[in-house]
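Each chain is listed here by its residues.
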Amino acid sequence: MEMDFSKIDRGKQEVSHLNSEAIQKKWQKKWEESKIFEVGESSKKKKFYVLDMFPYPSGAGLHIGHAFVFSLGDIFARFKRMQGFNVLYPIGYDSLGLPAENAAIKVGTHPAEYTKKSIANFMKQQKAMGWSYDWSRMVSTSDPKYYKWDQWIFLKMLEKGIAYRKKSAVNWCPKCQSVLANEQVIGGKCWRHEDCDVEIKHLEQWFFKITNYAERLLNGLENVDWPERAKLMQKNWIGKSHGTEILFEINGNKWPIFTTRPDTIFGVTFMVVSAQHPRLMELVTDKQKKDVEKFLKKLKSVSEKELADMEKEGVFTGSYAINPMTKEKVPVWAGNFVVADYGSGMVMAVPAHDQRDFEFAEKYEIPVKIVIQPDEHLAPERMTEAYTGDGKLVNSENFDGLHNEEAKEHISIYLKEKKLGKKVVNYKLRDWLISRQRYWGTPIPIIYCDKCGIVPVPEKDLPVELPKEVEFGKGNPLATNKKWMNAKCPKCGGNGRRETDTMDTFVNSSWYYLRYSDPKNDRKIFDTKKANYWAPIDQYIGGPEHITMHLIYLRFYTKFLKDLGLLKFEEPALRYFTQGIVHASDGEKMSKSKGNVIEPLDMINKYGADSLRLFLVSIASPDKDFNWDDKGIQGTFNFISKIYNYFENFESAKVSPKIESKLNKAIKEITDYVQDFKHNLAVIKIRSLFESFADGDVDKKSAEAFLKLLHIYCPFATEELWEKFGNKTFISLEKWPVADEKKINEKLEEQEKAIDSLVNDINNVLRIVGEKNKVSIYVIPKEKEIYEDAIEMIGKRTNLEVSIYSVNDKDKYDPEGKSKKAKLGKPAIYLE
RNA sequence: GCGGAUAUGCCGGAGUGGUCAAACGGGACAGACUCAAAAUCUGUUGGCUUAGUGCCUACAAAGGUUCGAAUCCUUUUAUCCGCACCA
């Protein structure tokens, strides 16, 4: 394609200082050398902790989503810093994790090497964006000095009975070659591989008893300022429900079941135990063994996703349960639709009043017994689906005639009196499975001794470091290093072997925010004074995808560490902001294969970091998804160019009440908007303030206030201009302007509106009557001044020669007597 | 299936009972500057219309509340997100 380079060059020249690397480099260097963003605990200022969720350092470097979310954090940190807080704004790297391991295998290097390079690359780009981190506090989770404390927490959890090992049905991702936590299974697929069905395996694994904290996790949500949807999602994830536990006798043993419908207990016609239930075989009679095994085998070959779509199926176990109310014997089935680790893994089935039970009963021809009768009379033979609504109890002995809601209460009380059951609360939340059969994670500090069994590695022997020499692709990599794996038992000194599983990557990120308070401490996890000074996080920022993963774990860890006595608070993040997702300009997800990826570095090179930052936060409300727009960033770039040119050639004028009014009003509005992350609106105010600057008389102080307002978005340009103004300080450390409400003059604003509407009127008429050269404006005498002040502007905006007359001026030029039409606030006009 | 969110002009996106044909940005168009510009400045950008702010049609669709609705309520439709056999 042919291009006219002379044109491009000239355009670029004019504004080249904006994207000039020189200025960006200059301030990066100055900030770094002067350590102005490094903070300590001795400050007299009030502390404020701003945190972005730390990134996983991928080899690809920063993507546009990073550029966006970290800019939000930086803007907020700069804002709070300027407002006079002692702001902790640290950064680190969540550098352990499967992607590093896989990427390293792919390119044939060691994960440690790969990670080191990636971090270096990230740092360079982060500095280019102008983010004001306290680099002295950087942490990296792959550093043994960091993960030592993961292991320490693990030991503490073991001590307190929170970490435990159990065999159960677990989720297995064949692509990760590892098990997954419940939170990491999304719609039956692996969270890392959306195309990969999760399989179910029965394995013995390490768990954290997060369910102990279910109630506190739920209640704590009331004390934090989070988006409603984030709270709701966590609430649903925890899934509290009230119900009744009822004991059924099977083969002489009591088996508890959980139900929210004790009112239907007289309608139980069978029981269903989960096919994944660990004690299933206890219920299976010899006669039924073959059938059950066949059924289980069939289930084994299907993934969790398929299981969810499958029809309800089951097989008779051969055992019978005794209904505690009726003493009736009902068959116990094993079924594919009962969740093994919710409640007790067994349910009472009431086909008349539960749709799932109904379908199952129909399939296997199990009787249906109606015990809730609504006004429109039900009969089993006419039913095509379960009746789940309200009604009066029937076929329920002494409880007949009760409304079913009442009956719930009565039956529960009756069961409790007879010691056959009790009211209980249940949660959907499952214990956190933390074992991973992969290399690049925190080693679990456990030794299996031939004699003593499970033995924790003593605290003094921490960290258990990852050995460098392992083989990948042959099962669990740690098991390939025999020298590392074989270890003496810390208890008896006998032969033992190390746990070869590592911990879930989410373990590392569950307490990192505390380590920032004391990142170099090698004697303790952190100094409790320091941690309690800085934490909790005052403003946390990160994507919505972490709501039911990271943010649950983070809250759990915080509560646990509080229980250890290390912390004085139990909510890690007081305020939380979720940013939207940046899509490609076509509205699609950015992906390499589609070729629609926007690289932050390219944008910095083309438009400068300031433009990129400002554009990202001003295109839409930052909590909403938006599409990238090349034209948009060009517009932002032009805007910054104008600002730059304006301030470079700035000459201070006398203080003007009009400018002061506008400035103070803008300060007030912008401050509120920034506080609420409404940067799109804040930027509009900045733009319109600049418009008024462009056609008004601006004094130096007002000009400087403007630069401060802009600084949080455009740190490089504003530092540079601040210096050009003759200041020796950093604008980064200047005070955020405070609005002087007394200087806000609403009357001036109204006058401006009056001028606007006059100009509109003139233009409106011009459009109708065609081109004219002159306009005569007739105003009410007391308004004359207002319009005379604006005479030049009116001329400019209408392209006419303007004369202004007072209506009572006897010598006014008014050939058609238009001046009679003049009203207060609405001058008359005559065009010719 | 359940739960949540959203729906505004050519586009992105403000606006939550009157001051709204609707901020701001982008685009488009016209004019100024210029040899020329994608730079800068000025204006126009739902329709009709008058030397003047009026009328009509509009804020997903249909109803409703109200003196008055983009804004409140109900239903419907579409899109997005979360959970998904939780008994």
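If you're wondering where the values come from, they're calculated on a predicted model, not measured in any experiment.

Visitor: Break down helix α24 (residues 700-711) for me, with residues and values.
Guide: In a regular helix each residue adds 1.5 Å, so 12 residues correspond to 16 Å; α24 covers 16 Å between its end C-alpha atoms and thus fits that length. The buried fraction of α24 is high, at 10 of 12 residues. Residues of α24 that are buried include every one of Ser702, Ala703, Glu704, Ala705, Phe706, Leu707, Lys708, Leu709, Leu710 and His711, and no others. Elements in contact with the buried residues of α24: α3 (64-82), α21 (630-648), α22 (657-675), α23 (679-694) and α25 (715-724).

Visitor: Mind laying out the side chain of arginine 137, listing which residues take part and the relevant values?
Guide: Relative to the helices and strands, arginine 137 is located in the loop between α5 (111-128) and β4 (139-140). Given a relative accessible area of 7%, arginine 137 falls into the buried group. A polar atom in the side chain of arginine 137 sits 2.9 Å from the backbone oxygen of valine 39. In this structure the side chain of arginine 137 is engaged in a polar contact, spanning 2.7 Å, whose partner is the backbone oxygen of tyrosine 516. Contacts of arginine 137, omitting those with residues within four sequence positions, involve Val39, Gly40, Glu41, Leu88, Pro90, Ile91, Tyr516, Ser517, Asp518, Pro519 and Trp534.

Visitor: Pulling in residues and values, what's your account of the pattern of salt bridges?
Guide: Using the criterion set out here, one finds 47 salt bridges in the structure. For the salt bridge of aspartate 195 with lysine 175, the shortest nitrogen-to-oxygen distance reads 2.9 Å. Placement of aspartate 195 in the loop between β8 (189-190) and β9 (199-208) and of lysine 175 in the loop between β5 (163-173) and β6 (178-180) is noted, with a sequence separation of 20 residues between them. Lysine 530 is the salt-bridge partner of aspartate 518, the closest N and O atoms lying 3.5 Å from each other. On the criterion of sequence distance, the pair formed by aspartate 518 in the loop between α16 (512-515) and α17 (528-534) and lysine 530 in helix α17 is long-range, its members being 12 residues apart. Taking the relative accessible area as the measure of exposure, aspartate 518 reaches 8% and is therefore buried. Shared partners join several salt bridges into a network, and the residues in it are Arg216, Arg555, Lys559, Lys562, Asp563, Glu570 and Glu571.

Visitor: Hey, could you go over the state of the cysteines for me, with residue numbers and the actual values?
Guide: Overall, the coordinates contain 0 disulfides when judged by the stated rule. We note that cysteine 173 lacks a disulfide partner, and the nearest cysteine sulfur, in cysteine 190, lies 3.7 Å from it.

Visitor: Give a detailed account of the sheet that holds strand β2 (residues 86-88), specifying residues and quantitative values.
Guide: Reading across the sheet, the 4 strands line up as β2-β1-β26-β27 and stay open at both edges, with parallel pairing between neighbours. In this open sheet, the two strands that pair with only one neighbour each are β2 and β27 (576-577). Of the pairings in the sheet, the one linking strand β26 (residues 539-541) to β27 comprises 2 bridges and is parallel in character. Across the sheet, isoleucine 541 pairs through a bridge with phenylalanine 577, a residue of β27. Across the sheet, α3 touches β1 (47-52), β2, β26 and β27, and the angle it forms with β1 is around 170°.

Visitor: Talk me through the environment of alanine 739; I want residue IDs and the actual numbers.
Guide: Relative to the assigned elements, alanine 739 resides in the loop between α25 and α26 (746-769). Of the residues examined, alanine 739 reaches a relative accessible area of 22% and is grouped as partly exposed. Sequence separation between alanine 739 and aspartate 390 is 349 residues; the distance between their C-alpha atoms is 60 Å. With residues near it in sequence (within four places) discarded, alanine 739 still touches Asn664, Ile667 and Lys668.

Visitor: Kindly report on the sheet that holds strand β21 (residues 446-449), identifying the contributing residues and their values.
Guide: Pairing is antiparallel across the open sheet formed by 4 strands, whose spatial order is β22-β21-β24-β23. Each edge of the open sheet carries a strand with a single partner, namely β22 (453-456) and β23 (486-488). Looking at each pair of strands side by side, their axes are set apart by 40° on average, direction ignored. In the sheet, β21 pairs with β22 via 4 bridges, with the strands oriented antiparallel. Note on β22: the bridge partner recorded for cysteine 449 is glycine 453.

Visitor: Tell me what's going on with unusual backbone geometry, and back it up with residues and numbers.
Guide: A cis amide bond links leucine 462 with the next residue in sequence, proline 463, at an omega value of -5°. By secondary structure assignment, the location of proline 463 is in the loop between β22 and α14 (482-485). With omega at 0°, the peptide bond leading from alanine 535 into proline 536 counts as cis. With respect to the element layout, proline 536 can be found in the loop between α17 and β26. Residue lysine 35 is not a glycine yet carries a positive backbone phi of 50°. Tracing the sequence through the fold places lysine 35 in the loop between α2 (21-34) and β1. Phi at asparagine 395 takes a positive value of approximately 50°, unusual for a residue other than glycine.

Analysis parameters
Residues numbered from 1 in each chain as written. Chains lettered and ligands numbered in written order. Predicted model: local features only at pLDDT ≥ 70, side-chain atom pairs only at ≥ 80, totals over all residues. Heavy atoms only, no water. Helix = DSSP H or I, 4+ residues; strand = E, 2+ residues; numbered from the N terminus. Expected span 1.5 Å × (residues − 1). Buried < 20%, exposed > 50% of the residue type's maximum accessible area, 1.4 Å probe, protein only. Contact = heavy atoms within 4.5 Å. Polar contact = N/O pair within 3.5 Å; in protein donor to acceptor, adjacent residues only side chain to side chain. Salt bridge = Lys/Arg side-chain N within 4 Å of Asp/Glu carboxyl O. Disulfide = S-S within 2.5 Å. Pairing = 2+ DSSP bridges. Axes fitted to C-alpha atoms, helices over the stretch in contact; angles between N-to-C directions.

Shape is all these values report; function is a separate question.
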